[in-house]
Every structure is written in C-alpha cells, then in structure tokens.
Amino acid sequence: MKPMTRTLSTWMALMVGMVVAQSSLARDLPDFTELVEEAAPGVVNISTTRVTEGYSTPFGNFGGQEIPDIFRHFFGDRFPVPPGGGGGGHTEERQSLGSGFVIDADGYIMTNAHVVEGADEIMVRLNDRRDLKAELVGADEKTDVAVLKVDASDLPTLSLGDSDDLKVGEWVAAIGSPFGFDHSVTAGIISAINRTLPRDAYVPFIQTDVAINPGNSGGPLFNLDGEVIGINSQIFTRSGGFMGLSFAIPINVAMDIADQLRSEGHVTRGWLGVMIQPVSKDLAESFGMERPEGALIADVDPDGPAARDGLEAGDIVLEVDGEAVERSSSLPRLIGRVAPDSEVELSVLRGGDRQTLTVTVGDWPEALAGGSGESSGSASPARLGIAVQALTEAELGKYGIDAGVRVSDVDPRGVAAASGIRPGDIIVSVDQTPVESGRQLSQLVRELPADRAVPVRLYRDGRSLFVALRLADD
C-alpha cells in the first residue's frame, strides 16, 4: 500500500502545481474589465447617409425589349441606365457605419475622415442610446482625421495618452462598432510603431494585431491605463476581413490635426518644395555612405522654400531638427508637422560632406505641376549602351533644368538598362557633374570608375529621380 500512497501523493502535488501555475499565468495576463467600464461611455457609434442620383428601369421594359436573364444575376430586378437612356431618374440613400469618441464634454467627437466623407447626414449614437445629429467641424484627408459636433453637454470624455511613449509588444485594446455591433471590445499587442503606408506619408501608424473590422474605423485604441493612444483607421487584408494587421493613427498626431480643425476649420502643414526618393544600397554606395539612410532630394522647386534657402538636388537629408531621417518616407511627416514660416535645421550630406542648412518652411500648396517635350540632335555613349539627343535652350527652360541630354535609345543588354535608364529619360548629371552635351557625357562615361556605383540624376515624366549606375569591367 505504501507505493500506492506515494503515487497518489505525487499526483496530488502535480495537480496542485498545475493549478498554481495556471493561477499565476492568469494573474500575469491583462484584465480589461475596469478599462472597458470606465471608457465605454465615451465611445460612440457613427452612421452616415449619402443621397446619390441613380437611373434604372424595370426588367422587361427597356426599349420595348426583354432583358436577358443573365443580367438579372448581376442587377436584380432593375437595370441601370444612364441619363437619357430611357430609364427613370431616382435617388438612392447609402449608409455607412463607423465609430468615434468624445474629446470634449461640450459635444466634440473625433473619428476618421473616411467615415464621414461625402455624407449628407451624420448621426451619432451615444452610450446612453441617444441618437444625435452631428455637424462636420472639419476633416483632413491626408491624416484621415475628422472632428464632429453634436448639440449636447456634459458628455463623458476619454483620457488621452502620449503616443510618443509607445513600445512594441505592449498590450492595447479597441472599442468600436464592427459591422454595427456597438461597443465591441478586442485586444492585442502593438506589433510595430512609426509604420509608413502607401499614400499616407503624413502618419507614422501604430501597427497592432487587434481585431479590427468594418465599423471599427474612427474608434479609440487604448493602453492598459485606459488612455487613448490612437484612432483605429485601416487594416491590411486580402479577404476584406481582419487578417492580423491593423493600423491606428497616433493620438498625438490626431489631436494636433483636431486642434487645427476646431480653431481654423482646416489644416496647415510645412512644405519644402522638393521631390524625394529612397536611398537604396547602390545609391548609398555611390554617394559614399556607409549604409542607406535619409531622403535623397531628386528635384527642387525653383520657387519653393528649399531652393530659396540653399537645398539642392543630390543632397541627402539625414536629420530634421536633430531627429534622424531613417527612411525617405519620414521626411514628409517631419516637415509636415512644422508650422509654415517656421525655421528647421536640416543636416544634409552634400558631395560627401555633412553640413547644416536652416530652411524656413512654406505652406503646402494645393497642386504641383511638371512638363515634357521633344528634342533634336544626337550622340552615342556606347559604354552605357544608350543613344542620346541634345536639348534646345527652349526645352531646357520648359523642363526647368540647366543642362541635360535626352535618351533616345537603350540597349536592353547594356549597363544603362540594368540601372533603370529608359528611352525618353533626360540625363541631367552623372556623379554630380552636370551633363551639357552628348560629347561631354561620353567623356564623363570614359572616366567613370568600374569598381563602384555612381549617382545619375534623371528627369522623367515631369519629375527628377536618381539611379545608381555601376559600369562593368572592360
């Protein structure tokens, strides 16, 4: 009986140990119940209505002819007809759902700009089930931030955190209305910070794995202290649903925009007047850099702040007011948050030397323009595998450049093609030396080293860019 007693004792000890371990693990996991109880009253549901003009006609009554059955599969009981095409005009109401949260007890609410875009009517449902009509105070498409106002007072507001203090791996939670399900709570961790997305140059997004779905847009993202540290804005998906990649606008960025919208009704942001491109590994080598970093200035608007204060094409911006520009996508964000007519110190790499320039930034213009044209004359730098044509003075003036030759033909097996040079490109400079003619280009090419890449500045489709050119050993 003694062996059996020891066996039972051992099993009991193991079971007690497992229970203790599970209890310890449960204590280590975050508890969001208190956060939700305190924060939920400040989260709202937003619905919008947009009235659109449409045209349709009942099947079987289209020009006196029966409509084939296959069209019913796509259009249902009505067939769309353009104006004047025999159908009757009508209006359609389209509704969308989103989320938001109260930032001021006097009725100011923050959400995404895309949630209320084009809305003819905006309704806000509060936590106490009141439905209030909202007015759009202002919206900024570049950051996807909008501010609404409802006729109410003493609304529950949310505490705001500091999104500059976030760390990858910390727990976060979201409250919103996915698919219209009010006050749904999801949680996860911060996957990355300062994430740049295509077409969103002004927002350093917070990436999380918090489940976000249609209807969550505009809702708050909380830290464990119950503070709003972001606005849930978009997801990356191939299916239309959540796939583990969601992105939020940092609250510090959003509040700066909201303050401008409330005080001015619009947003101003700093502007340099330059075109930039990433610094690739080959370009970094061609400029004598140890590693790729910064933003390469491909072109400078002759009437912009950068040109006025000495910034040049070929400069690589490494810092803005002491903050490193790790990638080219960081520069628009860093400059955009500077108030127009304010000075910034830029640390730039020029000709292999690091120097500091002080630039007074301008106000972002509504539109920028470029141009194109024709040319005549010819030359043939065979070592590159291209043929080029000279440009007239009128063409140089039209393009806004002081020198250059047009590429008329490219050998697909040559080094120029391998570097990305195309027919129609204008070669403006090679290894920082302006190209005045085809003959000079031939001379420059003959003197180029074969053991390293050199930067070549091009003018293409109304904009400038650099490519790294590496010659093959002869």
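Use the structure listed above.
Not measured: the values here are computed from a predicted model.

(A) Looking closely at unusual backbone geometry. A positive phi is found at Asp144, a non-glycine position, where the angle reads about 65°. Examined against the element boundaries, Asp144 turns out to sit in the loop between strand S6 (131–140) and strand S7 (145–150). The backbone of His183 sits at a positive phi, close to 55°, despite the residue not being glycine. Relative to the helices and strands, His183 resides in the loop between strand S8 (171–176) and strand S9 (184–197). According to the relative accessible area criterion, His183 is partly exposed, its value standing at 22%.

(B) Expanded view of empty space enclosed by the protein. This model, assessed by the stated rule, comprises one cavity of 30 Å³ or more. There is about 30 Å³ of room inside the largest cavity. In terms of lining residues, the largest cavity is bounded by Leu384, Ile421, Ile427, Val430, Val445, Leu448, Val456 and Leu469. When grouped by side-chain class, the residues that make up the lining of the largest cavity number eight nonpolar, no polar and no charged.

(C) Here's a closer look at the nonpolar core. Residues Phe101, Met110, Leu158, Phe222, Ile249, Ile251 and Ala254 are the most contacted members of the largest nonpolar core, which totals 27 residues. Looking at this core, the elements that each hand over two or more residues are helix H2 (33–39), strand S3 (88–104), S7, S8, strand S10 (200–208), strand S12 (228–235), strand S13 (246–250) and helix H5 (251–264). Per element, the largest residue contribution to this core is six residues, and it comes from H5. In this structure Ala254 touches Met110, Val145, Ile231 and Ile249, once residues within four positions along its chain are discounted. Judged by nonpolar contacts, the second largest core, of 23 residues, contains Val415, Leu448, Val454 and Leu469.

(D) Spotlight on the pattern of salt bridges. Evaluated as defined, the whole model comprises 16 salt bridges. Here Asp104 and Arg262 are joined by a salt bridge, their closest N and O atoms 3.1 Å apart. Here Asp104 is found in strand S3, whereas its partner Arg262 is found in helix H5, with 158 residues between them in sequence. A salt bridge links Arg460 to Asp425; its shortest N-O distance comes to 2.7 Å. Note that Arg460 is positioned in strand S26 (residues 454–460) and Asp425 in the loop between helix H10 (415–419) and strand S24 (426–430), a separation of 35 residues in sequence. Each member of the pair Arg460 and Asp425 is classed as buried. Among the charged side chains, a salt-bridge network with shared partners connects Asp282, Glu285 and Arg470.

(E) Spotlight on helix H11 (residues 438–447). By the burial criterion, the buried members of H11 are Gly438, Leu441, Ser442, Leu444 and Val445. Buried residues of H11 fall within an arc of 165° about the axis and therefore sit on the same side. In this structure, H11 carries Arg439, Arg446 and Glu447 as exposed residues pointing more than 90 degrees from its buried face. Contacts made by the buried residues of H11 are with strand S22 (386–390), strand S23 (405–410), S24 and strand S25 (433–434). The N-terminus of H11 is capped by Ser437, whose side-chain oxygen sits 3.1 Å from the backbone nitrogen of Gln440.

Calculation notes
- Residues numbered from 1 in each chain as written.
- Predicted model: local features only at pLDDT ≥ 70, side-chain atom pairs only at ≥ 80, totals over all residues.
- Heavy atoms only, no water.
- Helix = DSSP H or I, 4+ residues; strand = E, 2+ residues; numbered from the N terminus.
- Buried < 20%, exposed > 50% of the residue type's maximum accessible area, 1.4 Å probe, protein only.
- 1 Å grid on protein atoms, 1.4 Å probe; cavity = no way out; pocket = protein on both sides within 12 Å on 5 of 7 lines; lining within 4 Å.
- Points joined across faces, edges and corners; volume = space filled by probe spheres on them.
- Nonpolar A, V, L, I, M, F, W, Y, C, P; charged D, E, K, R; others polar.
- Core = buried A, V, L, I, M, F, W, Y, C linked by side-chain atoms within 4.5 Å.
- Contact = heavy atoms within 4.5 Å.
- Salt bridge = Lys/Arg side-chain N within 4 Å of Asp/Glu carboxyl O.
- Arc of directions from axis to C-beta.
- Polar contact = N/O pair within 3.5 Å; in protein donor to acceptor, adjacent residues only side chain to side chain.

In short, shape yes, function no, at least from these values alone.
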